[in-house]
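Survey of secondary and tertiary structure
As a plain string of letters, each chain reads:
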Amino acid sequence: MVNYKITSAKMGERPEFKIPNKGFLEALKPEGFMELIHNFYEELLESEIAYFFPTEDDELALIKKRNGAYFMMICGGDDRYISKHNGDFDQVKTHKPFSIPDKARTEWLGCWKIVLQQIEDKVPHEDIQSYWNWLEVFSKHIVNYENDRDTIEDKAKVN
Ligand code: HEM
């Protein structure tokens, strides 16, 4: 059984995290991993935080490619994502242009939960658990906005 628990993030905290088991990528293989990323984006585009993301097919395809490369690198795949950025790539800075409160992180994790549940019959549960644990903790680093403040994105949505 995989425990998809979510604990709340305090803005500015940088909790220590553990890299996921290599078994996660080994079980999925790069093709399966990219399919997972694709499914994750399908969920994102139906979610409360869809407005964060582009809707143009080619822009979306590029983001899926970059995201897939980064997430696979974290799971022990090849490190081309980081070398392409001269080894100087900072996830916190990458997300700075967006206002991300903890409620957006919770929604984002909810999309992951849906697609991870769909692979429970082909990936060992301890490997899914280790991937989830990394997502859950590392995503706290990305939170850069108080929950109860309206974001630029919220305002854009209303107008
Ligand atoms: C474990 C945590 C996370 C990781 C490792 C991660 C990773 C990434 C990566 C690799 C990219 C692509 C960067 C590039 O263009 O090369 C990206 C873009 C993005 N991420 Fe995250 N992310 C995380 C959490 C989140 C969360 C919680 C949100 C909440 C909404 C979010 C929203 C976005 C957005 C809006 C983009 C940019 C899309 C665009 O370029 O228009 N991310 N992320």
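Look up: the structure comes first, before these words.
Right, let's walk through the structure included here. (Residues numbered from 1 in each chain as written. Predicted model: local features only at pLDDT ≥ 70, side-chain atom pairs only at ≥ 80, totals over all residues. Heavy atoms only, no water.)

1. Topic: the packing of helix H1 (residues 22-45) against helix H2 (residues 57-74)
Our working definition: Every axis corresponds to a line fitted to the C-alpha atoms, with the helix fit spanning only the stretch in contact, and the corresponding angles, defined between N-to-C directions, vary from 0 to 180 degrees. Starting at the N terminus, helices and strands are each numbered in turn, a helix being any DSSP run of H or I of at least four residues and a strand any DSSP run of E of at least two. In this scheme, roughly parallel covers angles under 35 degrees and roughly antiparallel covers those over 145, while 65 to 115 is roughly perpendicular and the rest are oblique. The sense of a crossing depends on the near helix, which, turned anticlockwise from the far helix by less than a right angle, makes the crossing left-handed and, turned clockwise, makes it right-handed. Between two residues, a contact is recorded if the distance between any of their heavy atoms is within 4.5 Å.
Packing of H1 against H2 brings their axes to within 10 Å, and their N-to-C directions diverge by 140°. By the angle between their directions, the pair H1 and H2 is classed as oblique. Crossing geometry of H1 relative to H2 is assigned as right-handed. Taken together, the residues of H2 that come into contact with H1 (itself represented by Leu25, Pro30, Phe33, Met34, Ile37, His38, Tyr41 and Leu45) are Leu60, Ile63, Lys64, Lys65, Asn67, Gly68, Phe71 and Met72.

2. With respect to the side chain of Glu136
Secondary-structure assignment places Glu136 in helix H6 (residues 125-138). If we skip the residues at most four places from it in the chain, Glu136 touches Lys5, Ile6, Thr7, Arg105 and Leu109.

3. Looking at the coordination of the iron atom of the ligand
In ideal tetrahedral geometry, four donors around a metal make angles of 109.5 degrees, whereas ideal octahedral geometry with six donors gives angles of 90 or 180 degrees. Put simply, the test is: Coordinating N, O and S atoms are those within 2.8 Å of the metal (3.2 Å for Na, K and Ca), and as water is not part of the atoms, a site may appear to have fewer donors than expected.
What the protein offers the iron atom of the ligand as a donor is a single atom, His95 (NE2), at 2.0 Å. Examined against the element boundaries, His95 turns out to sit in the loop between helix H4 (91-94) and helix H5 (102-117).

4. Some thoughts on the pattern of salt bridges
Pairing of side chains with opposite charge becomes possible as their charged atoms draw close. How we decide: Each reported salt bridge corresponds to a side-chain nitrogen of Lys or Arg within 4 Å of a carboxyl oxygen of Asp or Glu. Only protein chains enter the accessibility calculation, which uses a 1.4 Å probe; a residue is then buried when its area is under 20% of its type maximum, exposed when over 50%, and partly exposed in between.
One pass over the structure, following the stated rule, counts 2 salt bridges. The partner of Glu136 in a salt bridge is Arg105, with the nearest N and O atoms 2.8 Å apart. Here Arg105 lies in helix H5 and Glu136 lies in helix H6, a separation of 31 residues in the sequence. The residues Glu136 and Arg105 share a single accessibility class, namely buried.

5. Quick look at the packing of aromatic side chains
To keep things clear, this is the line we draw: A pair of aromatic rings is counted whenever rings of Phe, Tyr or Trp (Trp by its six-membered ring) have centres within 6.5 Å, and the orientation is called stacked for planes under 30 degrees apart, edge-to-face for over 60 and tilted otherwise.
If you walk through the whole model with that rule in mind, you get 18 aromatic pairs. Relative to Trp112, the ring of Phe71 lies with its centre 5.5 Å away and its plane at 40°, an arrangement referred to as tilted. One end of the pair, Phe71, is in helix H2; the other, Trp112, is in helix H5, with 41 residues separating them in the sequence. Note on Trp112: relative accessible area 0%, which makes it buried. Taken together, a centroid distance of 5.4 Å and an interplanar angle of 70° make the contact between Trp112 and Tyr131 edge-to-face. Highlighted residues: Trp112 in helix H5 and Tyr131 in helix H6, separated in sequence by 19 residues. No difference in accessibility class separates Trp112 from Tyr131, as the two residues are buried.

6. Considering the environment of Lys103
Take Lys103: it is sitting in helix H5. Distance in space between the C-alpha atoms of Lys103 and Tyr145 is 9.7 Å, their sequence separation being 42 residues.

7. Overview of H1
Along an α-helix, residues three or four apart share an orientation, since each turn contains 3.6 residues. Using the following cut-off: In this scheme, a helix's expected span is set at 1.5 Å multiplied by one less than its residue total. We define the bend at any residue as the angle between the axes fitted to the seven residues before and including it, ending there, and the seven starting there.
The end-to-end C-alpha distance of H1, which contains 24 residues, comes to just 28 Å, noticeably less than the 34 Å that a straight helix rising 1.5 Å per residue would cover. Where H1 bends most, the angle comes to about 95°, and this point is Lys29, followed within four residues by the proline Pro30. Among the residues making up H1, those that are buried are Gly23, Phe24, Leu25, Leu28, Gly32, Phe33, Leu36, Ile37, Phe40, Tyr41 and Leu44. On its buried face, H1 is in contact with H2, H5 and H6.

8. Structural notes on the nonpolar core
Quick note on the threshold: Buried Ala, Val, Leu, Ile, Met, Phe, Trp, Tyr and Cys residues that are joined via side-chain atoms within 4.5 Å together make up what is termed a nonpolar core.
In this structure, Phe24, Phe33, Phe71, Trp112, Leu116, Tyr131 and Leu135 are the most contacted members of the largest nonpolar core, which totals 38 residues. Listing elements by their share of this core, those giving two or more residues are H1, H2, H5 and H6. It is H1 that contributes the most residues to this core, 9 residues altogether. With sequence-adjacent residues up to four places away left out, Leu135 is seen in contact with Phe71, Trp108, Leu109, Trp112 and Leu116.

9. A look at the environment of Leu28
Counting through the fold element by element, Leu28 comes out in helix H1. Looking at Leu28, the relative accessible area reads 9%, which means it is buried. For the pair formed by Leu28 and Ile119, sequence separation is 91 residues and the distance between their alpha carbons is 8.8 Å.

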